[in-house]
Amino acid sequence: MRNQLPMQSGSSNEFGVGLVVSGPSGTGKTTVCRMLLERQPGLHFSVSCTTRPPRREEADGRDYRFVSTEEFERKRQAGQFLELAEVHGCYYGTLREELEPWLEGGHDVLMDIDVEGARQVRRNLSTTKFARSMVYVFFGPPSLAEIERRLRGRGTEDEHVLARRLNNAKEELRAWREYDYLIVNDQLDQALHDLQSVYQAARRLTVRYVQPPWEV
Ligand code: ADP
Ligand code: 5GP
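Note that the structure is predicted; figures quoted are calculated from it, not measured. (Residues numbered from 1 in each chain as written. Chains lettered and ligands numbered in written order. Predicted model: local features only at pLDDT ≥ 70, side-chain atom pairs only at ≥ 80, totals over all residues. Heavy atoms only, no water.)

Looking at ligand 1, there are 14 residues lining it, with Gly26, Lys29, Thr30, Thr31 and Arg154 nearest. Measuring from an oxygen atom of ligand 1, one finds a side-chain N or O atom of Lys29 at 2.8 Å. Summarising the interface, the protein chains cover 78% of the accessible area of ligand 1, which totals 560 Å² for the free molecule. Comparing atom positions with the cavity grids shows ligand 1 to sit within the largest pocket. (Near = heavy atom within 4 Å. Polar contact = N/O pair within 3.5 Å; in protein donor to acceptor, adjacent residues only side chain to side chain. Areas by Shrake-Rupley, 256 points an atom, 1.4 Å probe, with all protein chains shown as cover. 1 Å grid on protein atoms, 1.4 Å probe; cavity = no way out; pocket = protein on both sides within 12 Å on 5 of 7 lines; lining within 4 Å. Sits in = over half its atoms within 2 Å of the grid points.)

Set out below in structure tokens:
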């Protein structure tokens with residue numbers, strides 16, 4: 001996973017693809033995104049800022065930038081966020097530097113953000129040249145009960161936080177029609193295959209190209 005924008009742009013002839021993944025907590029977004037990133041070394045993961053405390057296996061700068069509420073607020077005041085939202089009682093936001101410069105340089109970007117954040121990205125990019133190279137994917141569970149089973153199995157939240165996440169899940173699940181693609185993460189391998197297929201198809205969108213490779 002690269003966190004520094006390479007000095008050399010990937011190609012001046014095409015914009016990168018912005019792959020936005022949303023869905024309720026516990027559907028397996030992190031798991032599938034990590035697997036996709038391993039298979040696609042050219043894909044940049046947009047590392048979000050968050051005020052939530054890190055989980056045991058999470059690394060600062062790789063999974064998130066873990067910041068204080070004060071630092072988050074400073075960045076917000078300075079206009080550094082492309083989007084931000086309060087999710088399950090903590091703040092999360094995408095820095096502008098994680099998306100637009102990468103797309104401009106021809107690099108593809110993967111974003112794992114909540115439904116409200118995805119709405120803001122769609123709105124904020126709607127009048128830019130990147131609008132049509134963004135692809136929005138909704139991750140759903142096979143059932144509500146499976147979300148709870150997975151969250152309990154993950155064991156990263158106490159009962160209070162878990163109840164909040166489950167409660168929010170019902171609301172978030174209503175938003176699936178706002179997205180271009182729906183992936184139901186039942187079997188992990190199938191979900192990974194589905195996300196990879198969506199990504200590969202997005203790379204072939206004509207709107208990404210400034211010029212085709214040939215001259216007539
Ligand atoms: P999210 O990022 O959407 O909150 P995670 O990727 O953390 O979800 O996954 C939640 C839990 O569910 C993790 O313990 C993960 O290992 C497990 N999990 C993910 N996908 C599947 C799947 N297809 N089948 C069973 N368990 C899964
Ligand atoms: P978690 O705390 O489980 O890592 O993430 C909780 C929720 O926050 C998930 O729905 C995830 O997609 C969302 N999220 C992560 N980063 C961002 C971000 O930068 N912006 C927004 N709006 N949501 C985010």
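Here the narrative resumes, following the displayed structure.
This part takes up the nonpolar core. Membership of the largest hydrophobic core comes to 21 residues, with the highest contact counts inside it found for Leu19, Leu110, Val137 and Leu195. At 6 residues, the largest contribution of residues to this core is made by helix H7 (residues 188–203). Setting aside residues up to four positions removed in sequence, Leu110 forms contacts with Leu19, Val21, Cys33, Leu36, Leu37, Leu43, His44, Phe45 and Ser46. Ranked by size, the runner-up nonpolar core spans 19 residues in total, among them Phe15, Met111, Val115 and Tyr136. (Core = buried A, V, L, I, M, F, W, Y, C linked by side-chain atoms within 4.5 Å. Buried < 20%, exposed > 50% of the residue type's maximum accessible area, 1.4 Å probe, protein only. Helix = DSSP H or I, 4+ residues; strand = E, 2+ residues; numbered from the N terminus. Contact = heavy atoms within 4.5 Å.)

Residues in close proximity to ligand 2 total 18 residues, the closest being Ser48, Arg52, Tyr64, Tyr92 and Asp112. Tyr92 places a side-chain nitrogen or oxygen 2.5 Å from an oxygen atom of ligand 2. Between ligand 2 and Asp114 there is a distance of 2.7 Å, counted from a nitrogen atom to a side-chain nitrogen or oxygen. In the complex, the protein chains occlude 97% of the 510 Å² of accessible area that ligand 2 would expose alone. The cavity where ligand 2 resides is the largest pocket. Going through the elements one at a time, strand E5 (81–87) and strand E6 (90–95) are the ones with two or more residues in the shell around ligand 2.

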